[in-house]
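Residue-level structure breakdown
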Amino acid sequence: MTWRRDSVGNREGRAGRVSHLEPSREDAIDRLYAELRPLMSRAVSDPSLRGEVDAKLSQLRELQSKEADEMQKRFEAGLLLKPGEGWQALDRANELLARYENSPSPNPPPEHPR
């Protein structure tokens with residue numbers, strides 16, 4: 001895979017994907033891509049190289065799987081509420097409910113579709 005640096009120094013690959021991987025994994029993925037391209041071309045005419053291609057593809061898939069797991073963990077961590085935020089949101093919702101329940105307004109708040 002061809003990488004370039006973005007404006008803050010992160011490595012950016014195809015489709016603008018920014019990678020925050022540890023350098024050793026990034027380097028291993030880059031190296032495997034660089035090794036696989038010519039090896040796969042040679043394996044077309046030399047079937048004895050197929051085992052080597054399969055082994056490198058297996059290594060690449062393992063590294064990419066670890067990369068995907070880390071990305072998913074970072075994404076899920078970003079969705080989590082910080083300590084105390086859940087209770088604050090519930091308190092605020094209760095305050096709003098109490099305000100609207102005691103409101104003299106002739107127009108009640110709109111109901112949410114279920």
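Please read all numbers here as calculations on a predicted model, not as lab measurements. Starting afresh in each chain, residues are numbered from 1 along the sequence in its written order. Only residues with pLDDT of at least 70 are given local features in this predicted model, and only at 80 or more are side-chain atom pairs given and counted; all residues enter the totals for whole chains, interfaces and linings. In computing side-chain values, all of the structure's heavy atoms are included and hydrogens and water are not.

Our next topic: the overall build of the chain. Looking only at helices and strands, one finds 3 helices and 3 strands in the chain. Think of it this way: any DSSP run of H or I at least four residues long counts as a helix, any run of E at least two long counts as a strand, and we number them from the N terminus. Moving toward the C terminus, one meets the helices and strands of the chain in the order β-β-β-α-α-α. Considering the chain as a whole, with its 114 residues, one finds that 22% of them fall into the buried category. In this analysis, two residues are considered to be in contact whenever any of their non-hydrogen atoms come within 4.5 Å of each other. Counting only contacts in the chain whose residues sit at least 6 apart along the sequence, the fraction spanning at least 24 positions is 34%. As presented, the chain carries roughly 9,100 Å² of accessible surface, and 55% of it is formed by carbon and sulfur atoms. We call a residue buried when its accessible area falls under 20% of the maximum for its residue type, exposed when it is over 50%, and partly exposed in between, using a 1.4 Å probe and counting protein chains only. For the accessible areas, the method is Shrake-Rupley and the probe is 1.4 Å, while residue cover comes only from the protein chains on display.

With that out of the way, let us pick up the pattern of salt bridges. We define a salt bridge as a side-chain nitrogen of Lys or Arg found within 4 Å of a carboxyl oxygen belonging to Asp or Glu. By the definition in use, this model includes 6 salt bridges. With its nearest N and O atoms 3.1 Å apart, the salt bridge here joins Asp-54 to Arg-50. Taken together, the positions of Asp-54 and Arg-50, both in helix 2 (residues 50-79) and 4 residues apart, correspond to about one turn of that helix. Classification of Arg-50 as partly exposed rests on a relative accessible area of 41%. Where Arg-92 meets Glu-95, a salt bridge forms, and the shortest distance between an N and an O atom there is 3.5 Å. Linking Arg-92 with Glu-95, this pair stays in helix 3 (residues 85-101), spanning 3 residues, or about one helical turn. When salt bridges with common partners are traced through the structure, they connect Arg-31, Glu-35 and Lys-56 into a single cluster.

Now for the nonpolar core. Membership of the largest hydrophobic core is limited to 12 residues, which are Ala-28, Ile-29, Leu-32, Tyr-33, Leu-36, Leu-39, Ala-43, Leu-49, Val-53, Leu-57, Leu-60 and Leu-63. Looking at this core, the elements that each hand over two or more residues are helix 1 (23-45) and helix 2. The criterion is simple. A nonpolar core is a set of buried Ala, Val, Leu, Ile, Met, Phe, Trp, Tyr and Cys residues joined through side-chain atoms within 4.5 Å.

Here Ser-48 is to be found in the loop between helix 1 and helix 2. Contacts described as polar in this section are N or O atom pairs within 3.5 Å, which, within protein, must combine one atom able to donate a hydrogen with one able to accept it, while residues neighboring in sequence count only if both atoms come from side chains. Polar side-chain contacts of Ser-48 include one of 2.5 Å to the side chain of Asp-46.

This next bit is on the confidence of the model for the chain. How sure the predictor is of each residue is captured by pLDDT, a score from 0 to 100. The share of residues in the chain with pLDDT of 70 or more is 69%, and the mean pLDDT across the chain is 79. Scored below 50 in pLDDT, residues 1-9 makes 23 contacts in the model with residues more than four places away or belonging to other chains.

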